[in-house]
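Summary of the model geometry
Okay, here's what each chain looks like letter by letter:
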Amino acid sequence: MTASVYPHVQPTDPALLTKKDFQTDQDPRWCPGCGDYSILAQVQRILPELGIPKEQIVFISGIGCSSRFPYYMNTFGMHSIHGRAPAIASGVKTLRPGLSVWVVTGDGDALAIGGNHFIHALRRNMDLKILMFNNRIYGLTKGQYSPTSEQGKKTKSSPAGAPDYPFNPISVALSAEATFVARAADIDAKGLPAVLERAAKHKGSAFIEIYQNCPIFNDGAHDYLTDRKTKADHELRLEHGKPLRFGPKLEKGVALDARMQPVVVDVAEYGEDRLLVHDEQNDSLAYFLSRLVHPAFPTPVGVFRCVERPSYDQLVEEQIDTARGRKVQSVQQALEAGETWTIT
Amino acid sequence: MLEKHTEVLESVAIRFAGDSGDGMQLTGTQFTETTALAGNDLATFPDYPAEIRAPAGTLGGVSGFQLNLSSRDVFTPGDEPDVLVAMNPAALKVNLPDLKPGGILILNTEQFNDKNLERAGYKSNPVEDGSLAAYRVYPVDITGLTLKSIADVGLNQRAAVRCKNFFALGLAYWMFNRTLDHTIAWIEQTMAKKDALAAQANMKALKAGHAFGETAEIFTHSYVIPEANIAPGKYKNITGNEATAMGLLAAMQLSGLEMFLGTYPITPATDILHHLSKYKHLGVKTFQAEDEIAGICSAIGASYAGGLAVTTTSGPGLALKSEAMNLALMIETPLVIVNVQRGGPSTGLPTKTEQSDLLQALFGRNGESPIPVIAAKSPGDCFDCAIEAARIAITSMTPVLLLTDGYLANGSEPWRIPQLTDLPRIPVHFHTEPNGFQPYSRDERGARPWAIPGTPGLEHRVGGLEKANLTGNVAYDGGNHELMCRLRADKIRRIADDLPATEVHGNLDGDVLVVGWGGTYGAIRAGVDKVLRDGHRVAHVHLRNLNPLPNDLGAILHRFKRVLVPEINLGQLSRILRERYLIDAVGYNRLQGKPFKESEIARAVLAELERV
Ligand SMILES: Cc1ncc(C[n+]2csc(CCOP(=O)(O)OP(=O)(O)O)c2C)c(N)n1
Ligand code: SF4
Ligand SMILES: [Mg+2]
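What comes next concerns the included structure.

1. Considering the sheet that holds strand β10 (residues 262-266) of chain A
All names here are of chain A. Within the open sheet, the 3 strands sit side by side as β8-β9-β10. Their pairing is antiparallel. Strand pairing shows two members of the sheet lacking a second neighbour, β8 (245-246) and β10, which therefore form its edges. Pairing of β8 with strand β9 (residues 252-256), which is carried by 2 bridges, proceeds in the antiparallel orientation. Residue pairing across strands places Arg245 opposite Gly253, the latter belonging to β9.

Laid out in structure tokens, this is it:
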């Protein structure tokens, strides 16, 4: 094989990168106050810190307000077609394992039209960083209910309330075997960059559900979690090895009752040593945590699951190495393989 | 010793037919390879049942393999077999209508019992009731003789019965004066590794079949087909699907690119995946996606990342890929889409051949969306067409559709193995210069630069939204949109400027021009040759490039009084030719899941001559 057709280039020095290097000359087309702005700012903030040359970063998106994201990132990028970004990104990553490949998608893009690609990319442990902006609505098409809208949601397409039961994206991702699963809110200036960095450093399929506010079609959907007044009452920050505590003074905790059901307890009364302790490598716990749903329970944010297993591109490279000993060693030999005869 | 006669034949078509569990495909393949080694030209056509496990003995479970061998050029597997080997009543029932009057019929009498006769719908036993009087019938207890010949091997009854196809093969080898050498070697080298006992039994059955021909009184004649005049070189027998896979491998080598195949299994295209998945270490990454959409989308990702990107499918899968094809068209990235056509619409006839996806290939997308379309004409031609598809895709930065069909995919012919060093390289140029880089600037072919991730200073965004000319930024302005639609169309039209002159076979002008495309080539060429030999002024043009059509086609069409377009559909190319060249092209259309016969093409041409 002649690899010489590929450009021989010197990677640029990532140490010199700043947030500015990741901004483009295109003006974002999101509505004023849209949560997408803060997500963009956080991503642009953490990328220079990852030590990856800018030209090796690729952002692939589907269709939706959220999927406009690549236009505003000065990296390689593709704004593709509705729901298909994980499939396209899988091709990029499999051919070129050296690239850092990110997927930006919406709740409709990832879980409705693209549900199939989404779960299969995760199950394969494709080394993609999938950021799903969950505004629990179809923004771009002006406000229809989405697979994550709450049951009974009244929208233009569901004047009597949506009869659908919603997906729980974290449960879906865990069931689909994602090796890294996390959640953060758009304006969480501490939590969001933290999980973005963890995801970037994870080798394998990384999924982050980002609660995103759409002030136009679903304003305030996540206010209980992001509003300074109510945040502490509802936010359960997950920390590996630490007991599950929340509340303004961390006075509340999550434990299992005798029927193995989650209960919210008073820590002082119940005793800290009887609380559940977070373990990112415990599958059952991760799923259990994903089922803690507002308003009956606090909303967990942070990393639900982080486990190591070989990624798809690594497994493919291994197979290639194993195959090197094969009898057929060139394309010409492949053409001549099998039963042949010579006419003179 | 019984006296046996040897007759010399110019060509003969043989069909092996039996239950799908009877090993007819293996029998046919072995006979084919032996025939090729003997220096005959040949063509084959396997015919599988649609269901993998149709009930034994039923009409739905019949599997057949036909091969045409000759001392002349062979264009097709043959219209009507001269010889039919039928392993059970169902196989006889399904295949007898095709057998030539007076043809040879070898029947496995053991299977003609009441149960099987009833399953096949026979009221009385055709071996005995005189209904086969028009044929030369050889009733042979193939099962019984097989069991007797291998009794000492010690296989259980079921495994022993399975050896009967090797008895039949041995008998056929005797009848056509073929040596057993090739099959013996195959049994020793391949079969013995998997199951030594079965190999030993099959070897005995093969030899017993051959000896039976030599000694049994009912066989008085054997036949010799002299060697054909074949160009020197190294050959192998190749199916269309294997040739497509090999052509893609060759294109990978000729371009210096790595290859990526994103695909989802579908009959009759899956074998391309099977073949390519063996060559990971040569630079091919195959990805079995979750569906056809992911197949093409992953390939688009790989193309964007700088690979020779391929997706393979059949009709229903092509329908699923439409939206993504337009993404590739819009971001102007190279992509080879192989559509192995089968009977449609919907799930249609999955294992049968048809040419009914031409209009889908040309027009089955939203918006103004021209995509180059090329079609292979024979199993071996799939190799050349795959290279051609990759060449157009890369040099014009566009998705390209390659059409083959079920008949080409599974049919085979001897193929002269090319030396890759003799084939022209496919030039690839990756853009690297950041200064003045414009993602949607164009070269002399109208192709935009291939600027892949990893190249410093070329960071840019592409996507399905309309692009501003040159910069590639999102642009909603109407004037720009029309300009871009015209630029994209013009890029495809210009591909015709690189095409060689169209070959006109027969008279350069005259009464009837027969225009075909795709897998009907062999039947049309043979049919037209028959009419030419009778001195008529006719000709045959077979189109490889269906979009853009060759620049010289219009002038050629206008040199003939009538234009006849045979197609295995209800008239698709004929519609294009009428519209494009304002001529009264008439179709000859059949779609019964079978390739054309040479004789029916000849008759259609003669009928058209009457109208001149
Ligand atoms: C094939 C296809 N079907 C439908 C659409 C219309 N469409 C565009 S975006 C969208 C929903 C987007 O919702 P989501 O993914 O939640 O993104 P958001 O706009 O909320 O960020 C739909 C239905 C489309 N562009 N393509
Ligand atoms: S519609 Fe909603 S999601 Fe879309 S840009 Fe406006 S605010 Fe953001
Ligand atoms: Mg949304």
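After that view, the rundown keeps rolling.
2. Structural notes on the packing of helix α2 (residues 85-95) of chain A against helix α4 (residues 115-123) of chain A
Residues and elements named next belong to chain A. Viewed as axis vectors pointing N to C, α2 and α4 meet at an angle of 40 degrees, and their least axial separation amounts to 7 Å. Residues Pro86, Ala87 and Ser90 of α2 pack against His117, Phe118 and Ala121 of α4. Of the residues belonging to the contact of α2 with α4, the class tally is 4 nonpolar, 2 polar and no charged.

3. Regarding the environment of Ile52(A)
All names here are of chain A. For Ile52, the location among the structural elements is in the loop between α1 (35-46) and β1 (57-61). Classification of Ile52 by relative accessible area gives buried; the value is 17%. It is 7.8 Å that separates the C-alpha atoms of Ile52 and Ser100, two residues lying 48 residues apart in sequence. Setting aside residues up to four positions removed in sequence, Ile52 forms contacts with Pro14, Leu17, Ile57 and Ser100.

4. Focus on the site of ligand 1
Residue and element names in this part refer to chain A. Not every one of the 17 residues close to ligand 1 is listed here, only the nearest: Cys65, Ser66, Asp107, Asp109 and Gly139. Here an oxygen atom of ligand 1 and a side-chain polar atom of Asp107 are 2.7 Å apart. Between ligand 1 and Gly139, the relevant distance is 2.9 Å, taken from an oxygen atom to a main-chain nitrogen or oxygen of the residue. Within the complex, 77% of the 580 Å² of free accessible area of ligand 1 lies under protein.

5. A look at the packing of aromatic side chains
Under the defined criterion, the tally for this structure stands at 25 aromatic pairs over all chains. Measuring from centroid to centroid gives 5.2 Å for Phe45(B) and Tyr407(B), while their planes differ by 55 degrees, and the two rings are tilted. Note that Phe45(B) is positioned in strand β3 (residues 41-47) and Tyr407(B) in helix α15 (residues 406-410), a separation of 362 residues in sequence. Look at Phe45(B) and you get buried, because its relative accessible area is 16%. Here the aromatic rings of Phe430(B) and Trp450(B) are separated by 4.7 Å at their centres, their planes lie at 45 degrees, and the arrangement is tilted. With Phe430(B) in the loop between β16 (412-416) and β17 (461-463) and Trp450(B) in the loop between β16 and β17, this pair connects stretches of sequence that are 20 residues apart. As far as the burial class goes, Phe430(B) and Trp450(B) line up, both buried. Taken together, Trp30(A), Tyr37(A), Phe59(A), Phe69(A), Tyr72(A), Trp102(A) and Phe133(A) form an aromatic cluster joined through their ring pairs. Geometry around Tyr270(A) places Arg274(A) over its ring, the cationic atom sitting 4.0 Å from the centre. The side chain of Lys93(B) reaches across the aromatic face of Tyr122(B), ending 4.6 Å from its centre.

6. A short note on unusual backbone geometry
Cis geometry is found at the peptide bond from Thr267(B) to Pro268(B), where omega equals 0 degrees. For Pro268(B), the location among the structural elements is in the loop between β10 (259-263) and α10 (270-276). A cis amide bond, omega -10 degrees, links Asn547(B) with the succeeding residue Pro548(B). Structurally, Pro548(B) is set in the loop between β21 (545-547) and α18 (553-558). For Glu177(A), which is not glycine, the phi dihedral falls at a positive 75 degrees.

7. Looking at the coordination of the magnesium ion (ligand 3)
Residues and elements named next belong to chain A. Looking at the magnesium ion (ligand 3), the protein donor atoms are Asp107 (OD), Asn135 (OD1) and Ile137 (O), and they sit 2.1 to 2.2 Å from it. Expressed as a motif, the donor residue spacing for the magnesium ion (ligand 3) is D-x27-N-x1-I. One end of the pair, Asp107, is in helix α3 (residues 107-113); the other, Ile137, is in the loop between β4 (128-134) and α5 (169-175), with 30 residues separating them in the sequence. For the pair shown, Asp107 and Ile137 are each scored as buried.

8. Here's the deal with the interface of chain A and chain B
Each side of the interface is counted separately: chain A has 68 residues, and chain B has 80 residues. For the pairing of chain A and chain B, the buried interface totals around 6300 Å² over both sides, and the portion due to carbon and sulfur atoms is 64%. Per-residue buried area on chain A facing chain B is highest for Phe76(A), Leu335(A) and Trp341(A); these three make up 13% of the total on that side. Taken together, the links from chain A to chain B amount to 3 salt bridges. A salt bridge links Lys234(B) to Glu336(A), with the nearest nitrogen and oxygen atoms 3.2 Å apart. Between chain A and chain B we count 34 residue pairs in polar contact (both at pLDDT 80 or more) in total. Counting residues per element, the ones that place at least two in the side of chain A that touches chain B are β2 (76-79), α2, α4, α11 (312-323), α12 (331-336) and β12 (340-343) of chain A. No other element matches α2(A), which puts 7 residues into the side of chain A that touches chain B.

Here is what the cut-offs are and how they apply
Counting starts from 1 at the beginning of each chain's written sequence and moves along it residue by residue. Lettering of chains starts at A and numbering of ligands starts at 1, both following the order in which they are written. Reporting of local features is limited, given that this is a predicted model, to residues whose pLDDT is at least 70; pairs of side-chain atoms are given and counted only at 80 or more, and all residues count toward the totals for whole chains, interfaces and linings. Hydrogens and water molecules were not included; the side-chain quantities draw on all heavy atoms of the structure. Paired strands are those between which DSSP finds at least two bridges. For the purposes of this entry, the term helix denotes a DSSP run of H or I that reaches at least four residues, the term strand denotes a run of E that reaches at least two, and both are numbered from the N terminus. Only the stretch in contact is used when a helix axis is fitted, and all axes are lines through C-alpha atoms; the angle between N-to-C directions ranges over 0 to 180 degrees. Contacts between residues were defined by any pair of non-hydrogen atoms, one from each residue, lying within 4.5 Å. Under the scheme applied here, ten amino acids are nonpolar (Ala, Val, Leu, Ile, Met, Phe, Trp, Tyr, Cys and Pro), four are charged (Asp, Glu, Lys and Arg), and all others, including Gly, are polar. Exposure is judged per residue with a 1.4 Å probe applied to protein chains only, and the accessible area is read against the type maximum: over 50% gives exposed, under 20% gives buried, and values in between give partly exposed. Working definition: residue near molecule or strand if any one of its non-hydrogen atoms lies within 4 Å of it. Nitrogen and oxygen atoms within 3.5 Å of one another constitute a polar contact, given that in protein one can donate a hydrogen and the other can accept it, and given that sequence-neighbouring residues count only through two side-chain atoms. What sets the accessible areas is the Shrake-Rupley method with a 1.4 Å probe; for residues, cover comes only from the shown protein chains. Any two of the Phe, Tyr and Trp rings considered here, Trp counted by its six-membered ring, make a pair once their centres fall within 6.5 Å; the pair's planes then place it as stacked at under 30 degrees, edge-to-face at over 60, or tilted in between. Criterion for a charge above a ring: Arg CZ or Lys NZ at most 6 Å from the ring centre, at most 35 degrees from the ring normal. Each metal's donors are the N, O and S atoms found within 2.8 Å of it, except that Na, K and Ca use a 3.2 Å limit; water is left out, so coordination can look incomplete. Computed with a 1.4 Å rolling probe, the buried area is the accessible surface lost when two parts are put together, summed over both parts. Whenever a carboxyl oxygen of Asp or Glu lies within 4 Å of a side-chain nitrogen of Lys or Arg, that contact is scored as a salt bridge.

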